[in-house]
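# Analysis of the macromolecular model
Each chain, written out:
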Amino acid sequence: MSLWEGPLGWFTGLPANFVTNFKVLETKFTTQYDTSRPHRTSSMSLLNVKQEKGESLRIFMDRFSKVCMGIWNLNPEIAMHHLVSAILPGRFIERKTTTTRYG
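Here is a short report on the structure shown in this document. This structure is a prediction, so every number in the text was calculated from the model and none was measured.

Rules and cut-offs
Residues numbered from 1 in each chain as written. Predicted model: local features only at pLDDT ≥ 70, side-chain atom pairs only at ≥ 80, totals over all residues. Heavy atoms only, no water. Salt bridge = Lys/Arg side-chain N within 4 Å of Asp/Glu carboxyl O. Helix = DSSP H or I, 4+ residues; strand = E, 2+ residues; numbered from the N terminus. Buried < 20%, exposed > 50% of the residue type's maximum accessible area, 1.4 Å probe, protein only. Patch = residues over 30% accessible without salt bridge, like charges linked within 9 Å, V, L, I, M, F, W, Y side chains within 5 Å. Areas by Shrake-Rupley, 256 points an atom, 1.4 Å probe, with all protein chains shown as cover. Arc of directions from axis to C-beta. Contact = heavy atoms within 4.5 Å. Polar contact = N/O pair within 3.5 Å; in protein donor to acceptor, adjacent residues only side chain to side chain. Phe/Tyr/Trp six-rings, centres within 6.5 Å; stacked < 30°, edge-to-face > 60°. Core = buried A, V, L, I, M, F, W, Y, C linked by side-chain atoms within 4.5 Å.

Attention now goes to the pattern of salt bridges. On inspection of all chains with the given rule, the structure shows 2 salt bridges. Of the charged contacts, one joins K23 and E26 as a salt bridge, the two residues approaching to 3.4 Å between their closest N and O atoms. Here the residue K23 and the residue E26 both occupy positions in helix 2 (residues 22–33), the gap between them amounting to 3 residues, near one helical turn. Looking at K23, the relative accessible area reads 54%, which means it is exposed. Relative accessible area serves as the criterion here: at 36%, E26 is assigned to the partly exposed category.

Given below as structure tokens:
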């Protein structure tokens, strides 16, 4: 969108002598464009992030991290709580480990 198609077009389309002071302009502008403002993501959005069946842990963690990065001032304890409940059961113990003795 260009400036002409957006705010400038809106402003020039206002009736003549409509803006009598800055407060009128501010109120009209806010009313016109407030819904276009990006909304803040809250930690509640983490409830919708779940590991999908067949999704690798790496891909899920990338997706989960992107959501976390979009949350302003996210408490790490809340993130960890949601992470634990979002991972499919058994994902950390899929890989067999072998014990090696030295000596």
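The next subject is a nonpolar patch on the surface. Together, L8, F11, F18 and V19 give the surface a local cluster of nonpolar side chains, amounting to about 300 Å² of exposed area. Within the secondary structure layout, F18 lies in the loop between helix 1 (7–12) and helix 2. For F18, a relative accessible area of 31% puts it in the partly exposed group.

This part covers helix 4 (residues 76–86). Among all positions of helix 4, only A79, H82, L83 and A86 are buried. For helix 4, the angular spread of buried residues about the axis comes to 105°, placing them on one side. Exposed positions of helix 4 whose direction lies more than 90 degrees from the buried face are E77, H81 and V84. If you follow the buried residues of helix 4, they end up packed against helix 3 (57–69). Measuring from the side-chain oxygen of the N-cap residue of helix 4 to the backbone nitrogen of E77 gives 2.8 Å; that N-cap residue is N75.

Another aspect to go through is the packing of aromatic side chains. Taken as a whole, this structure holds 2 aromatic pairs when the rule is applied. Here the aromatic rings of W10 and F29 are separated by 5.8 Å at their centres, their planes lie at 75°, and the arrangement is edge-to-face. Taken together, the residues span a long stretch of sequence, with W10 in helix 1 and F29 in helix 2 at a distance of 19 residues. Using a relative accessible area of 15% as the deciding quantity, one classes W10 as buried.

Although it is not a glycine, N17 adopts a positive phi angle of roughly 60°. Among the secondary structure elements, N17 is positioned in the loop between helix 1 and helix 2. Residue N17 is classed as exposed on the basis of its relative accessible area of 75%.

What follows is about the environment of R40. Turning to its location among the elements, R40 is positioned in the loop between helix 2 and helix 3. Measuring from C-alpha to C-alpha, the distance between R40 and W72 comes to 7.7 Å, with 32 residues separating the pair along the chain.

Our focus in this paragraph is the nonpolar core. Side chains of nonpolar character tend, in soluble globular proteins, to be buried together. Grouped together as the largest cluster of nonpolar side chains are 10 residues: L46, V49, F60, F64, C68, I71, A79, L83, A86 and I87. When contributions to this core are tallied by element, the ones reaching two or more residues are helix 3 and helix 4. Sequence-distant contacts of L83, that is, excluding residues within four places in its chain, are made with F60, M61 and F64.

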